[in-house]
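# Chain and residue survey
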Amino acid sequence: MNNILSVEKIEKYYGNKGNITKAIDNISFKVDKGEFVGIMGPSGSGKTTLLNCISTIDTVTTGHIVINGQDITTLKAKNIEEFRRDELGFIFQDFNLLDTLTAYENIALALTIQKRKVIEIDKFIKKIAEKLEITEVLKKYPFQMSGGQKQRVASARALVTEPSLILADEPTGALDSKSSRLLLDSFEKLNKEFQSTILMVTHDAFTASYAHRILFIKDGRIFNELIRGRDTRKEFFNKIIEVVTLLGGDIGDVF
Amino acid sequence: MFSKIAINNVKRSFKDYFIYFITLTFAVCIFYSFNSIEAQNSMLEMGKSTTEFMSTLNTLIAGASVFVAFILGGLIAYANNFLIKKRKRELGIYMTLGMSKGKISRILIIETILIGLISLIIGIVLGIIVSQGLSILTAKLLAVSINQYKFIISVSAVIKSALYFGIIFILVMILNQRTISKYKLIDMLNASKRNEKIKLNNPLLSIVVFFLSIAMLVGAYILILKVGLETESILFLVSIMMGIIGTLLFFFSLSNFFINIVQKNRKVYFKNLNIFVLRQVNNKINTNFLSMTVICLMIFLTITLLFTMFSFKGSYDKMIKGNTSFDGTIQLFINQEDQKVKDIKEYMDIMDFKYNDYEKQMFFNEYKLNITINDLLSEYLTKQEKKDFAENYIDGPMSTIKVSEYNSILELKGQSPITLSEEEVLVVSNYEQMNNALSIFMENEDTINIDNKIFTIKNEVPIKENIVTTGSYLNFFYLVVPDQFSGELSLYSTGFNIMFEENDPKQSEETFSNFLNEISENVEYSSIEVIGNTIELVHLRVYGSTTMIVFLGVYLGIVFLVSSAAVLALQQLSDISDSLDRYKSLKKIGVTNKLINKAILQQNLIYFMIPLSLAIIHSIVGMIVINKIFSAYNSSLIGSSSLTISLALAIIYGGYFYATYVSSKNIVRNSN
């Protein structure tokens, strides 16, 4: 299988000489095309920093991150912007939809900034809307939608450009359990049908149980790795709970 | 402790609210400059009457300043309100930390005092510099010479500026207290999480209203072009009302109409960030259509005001051309058969006028001929021109003067005399400024028939110098006839021109104008019409009115322009910081900085250009209407005045636009 993301011995330090905090301390892992990988860890473990580094929002102190064959740690500022636009898709906890635009326009924006053709834009939006079951809300504004609908529109926006890698930061963080399930179901579907590669940060065990593989991070290091294999989601969920208990902290978030 | 917070806030505000400081400083600077006019007297070389005029001008400016203070006060209060709103969250955090509202008020008071003091001081310093330039302008406008350059600081203007702006700042403080006391903590903390209310637009309605507004504006234009500047006519008022309502409806419907149109064109709509930019602007104009209307009308008013001012100046400047060849003139008119005194010499003796050796006088008689100007030019006059003549009372009998007297007048001016044979006449006139008829006449005709005798016209173009000094009427038309002229002549006036010569022209001028004052107050001979002028009186009458108009126009014009541009800038900046989350979202989904900057530029451009564009269209119509009044004199004026007005617009309006664009970019860039 070909490699979409490969993280090689990255470190990220904050602070200066006398007082250094290692937010990421020598992390390496690889994600293959079509994989759905979860990253879990308690608050302050470095998982958001890791995601920021991968998503080119932040830079690493040492090490390399290669996405789809390109080493993003050596890219220039201008190229980084274009890289982010063309190769990455983002899904955020707080949706980050533009409140002045309709769902359709929000999704279209991801394509227009890539200077796609008008006919193409309409075709892509209709296709992705169907998959995510949001065709009927396309003409609505964010304030007229439910949280779940908003997050699915945001997901459509991230997926419509067919990026190499989709980065999801606590995608279910602001959703109730029913909406979360609906969203994760569509993630699963998209992952299967389009072979989308998804890297998802969460501290919710239920959300994580949808992934194929989970990396646990604590104090900036990879603490454990769980592979779902042939487990049912229920079995996988139980295994996750065990690790989380072992990790300590954030236990309340499990339920 | 509180002053420390306040000082830090002010320091930060300097960067964030640059526009606010600029506006305050600008306001103080303009206010000081125009109120310092009184102090400029000292540096100008002026006679008594000009000094009196300067105090009139000063009173006028002082009156206008009260009006200006209201506008600037409103502007400052508006701007300040923006800043307080912006800082709700910060103030809310102070309160959660246990600070009482009273203490927060104290911080705000210290801030206002600091900001006020800084802008007042910088504004006055700038004002002192600007007023030096203004006094050169005053000197030029009044045609007085500057003997020696003096650096002037008007203490009274400093005090006045400090007083007026002090009052404004105190009012702002009171306003702040009221705003603060009304706020609830929860609203203050959640201020940034406001719920955007998006008005759903009804496409049909906006299209109907838009076309209605266009129809109203066109109607208003047509009406005003027909009616002209008849302030008493009801139709004039109707067209003004239609214009205002049309403008209001235009801005009310514009953005919805526009977005509906653009949405139809998917190629434009789905390009780069166009969706975002259009929605942003749409929202903004929708909520601010009222202030857009006011700003558009203000800019329109400014442009027309400045244009009117230039027109006035242009027409007055021409009025004086060729009319001030002598230091003084006095004329006695013969209106009645049984007039007691029919000769100026006799009259002067009665009035006990003392002739001085060092002053040169030249006496002359003005006669009326048996033919009128209409008779002379009838073939070449259009209907409208005939009407103009009648309206200006110049269609009566033609004036004439004998060549020997004309020659002595020329001599007084230091020009060489002219010889005229028995069959020749000279045409002295500036009528070609009023119409083409005279030029065509001079080209086509070589002779004039007076009382059945044919005279050859000696000159090919009219001589454009008057035989008297006068500011009372622009146009003159004389025939210079030979001394042996045999036709009928009726004496119209007798008078003399005077040159004060080297000795002490100032003293002579004062004596002569005092004498003119005396005779105008003389009761015994009041039935006799005697009119006199000195060059300074004429200058004052003409340049004085110009100066007043120019000063008022420039003063109000600048204030209007600054106010409108500042309001637009503040609205745009507050919109940018309200939309910071949107820009953050854009960045997160991978929009490049270049595209974001372009989007900001587009928004600012649209926001600044829309009211300006409509105002310019309004102004073109306004200029046409005003130009009709000054039509006789304005041929070359439109170009130069438009250039000056555009320059003022470009500097002030463009300056605010640029500052807004740079600030907006910085706000977005620093938001990470």
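For clarity, every value in this text was computed on a predicted model and none was experimentally measured.

With that settled, the discussion passes to the UniProt feature "domain: ABC transporter" (unreviewed entry) in chain A. Per the UniProt record, "domain: ABC transporter" (unreviewed entry) is annotated on residues 5–244 of chain A. Structurally, residues 5–244 of chain A comprises 38% helix and 25% strand, and the distance from its first C-alpha atom to its last is 25 Å.

The next point concerns the interface of chain A and chain B. The interface is formed by 23 residues belonging to chain A together with 22 residues belonging to chain B. Listed by contribution, the elements that provide at least two residues to the side of chain A that touches chain B are α2 (77–87), β6 (88–91), α3 (103–112) and α4 (118–131) of chain A. Looking at the side of chain A that touches chain B element by element, the count peaks at five residues for α3(A). Taken together, the residues of the side of chain A that touches chain B sort by class into 13 nonpolar, three polar and seven charged.

For the rest of this paragraph, the subject is the sheet that holds β6(A). All names here are of chain A. Read from one edge to the other, the open sheet built from six strands follows the order β6-β7-β8-β3-β9-β10, with strand pairing classed as mixed. Since the sheet does not close on itself, it has two edges, and those belong to β6 and β10 (221–227), each with one partner. Direction aside, neighbouring strands of the sheet carry axes that sit 20° apart on average. Where strand β3 (residues 36–40) lies against strand β8 (residues 198–201), four bridges are found, and the strand directions are parallel. Residue pairing in the sheet places Val37 in a bridge with Leu199 of β8. Helix α8 (residues 233–247) contacts β9 (213–218) and β10 of the sheet and is inclined by roughly 160° relative to β10.

Low pLDDT means the predicted coordinates in that region are not meant to be read closely. In the predicted model, chain B carries a mean pLDDT of 82, and the fraction of residues at 70 or more is 91%. Under the prediction, the complex receives an ipTM of 0.85, its pTM being 0.80.

Moving on, we get to helix α6 (residues 155–182) of chain B. A rise of 1.5 Å per residue sets the reference length of α6(B), with its 28 residues, at 40 Å; its end C-alpha atoms lie 41 Å apart and thus fit the reference within 8%. Where α6(B) is concerned, the buried positions are B:Ala157, B:Ser161, B:Tyr164, B:Phe165, B:Ile168, B:Phe169, B:Val172 and B:Asn176.

Counting residues in each nonpolar core, the largest one holds 187 residues, and the members touching the most others are A:Leu199 and B:Ala566. Ranked by the residues each element gives to this core, the list is headed by helix α19 (residues 535–578) of chain B, at 22 residues. Core analysis: the next-biggest nonpolar cluster, separate from the first, contains 42 residues, B:Tyr347, B:Ile450, B:Phe455 and B:Phe512 among them.

All right, on to the packing of helix α5 (residues 147–159) of chain A against helix α6 (residues 177–194) of chain A then. All names here are of chain A. Running from N to C, α5 and α6 cross one another at 20°; their axes reach a closest spacing of 9 Å. Looking at the two axes, α5 sits roughly parallel to α6. Between α5 and α6 lies a crossing of right-handed hand. Across the interface between the two elements, Gly147, Gly148, Gln151, Arg152 and Leu159 of α5 pack against Ser179, Leu182, Leu183, Ser186 and Leu190 of α6. Here the residues of the contact of α5 with α6 sort into four nonpolar, five polar and one charged.

About the cut-offs
- Residues numbered from 1 in each chain as written.
- Chains lettered and ligands numbered in written order.
- Predicted model: local features only at pLDDT ≥ 70, side-chain atom pairs only at ≥ 80, totals over all residues.
- UniProt positions renumbered as here; feature names shortened; annotations may be inferred.
- Helix = DSSP H or I, 4+ residues; strand = E, 2+ residues; numbered from the N terminus.
- Contact = placed C-beta atoms within 7 Å.
- Nonpolar A, V, L, I, M, F, W, Y, C, P; charged D, E, K, R; others polar.
- Pairing = 2+ DSSP bridges.
- Axes fitted to C-alpha atoms, helices over the stretch in contact; angles between N-to-C directions.
- pLDDT = per-residue confidence, 0-100.
- Expected span 1.5 Å × (residues − 1).
- Buried ≥ 20, exposed ≤ 12 C-beta atoms within 10 Å, placed from the backbone.
- Core = buried A, V, L, I, M, F, W, Y, C linked by C-beta atoms within 7 Å.
- Parallel < 35°, antiparallel > 145°, perpendicular 65-115°, else oblique.
- Left-handed = near helix turned anticlockwise from the far one by under 90°.

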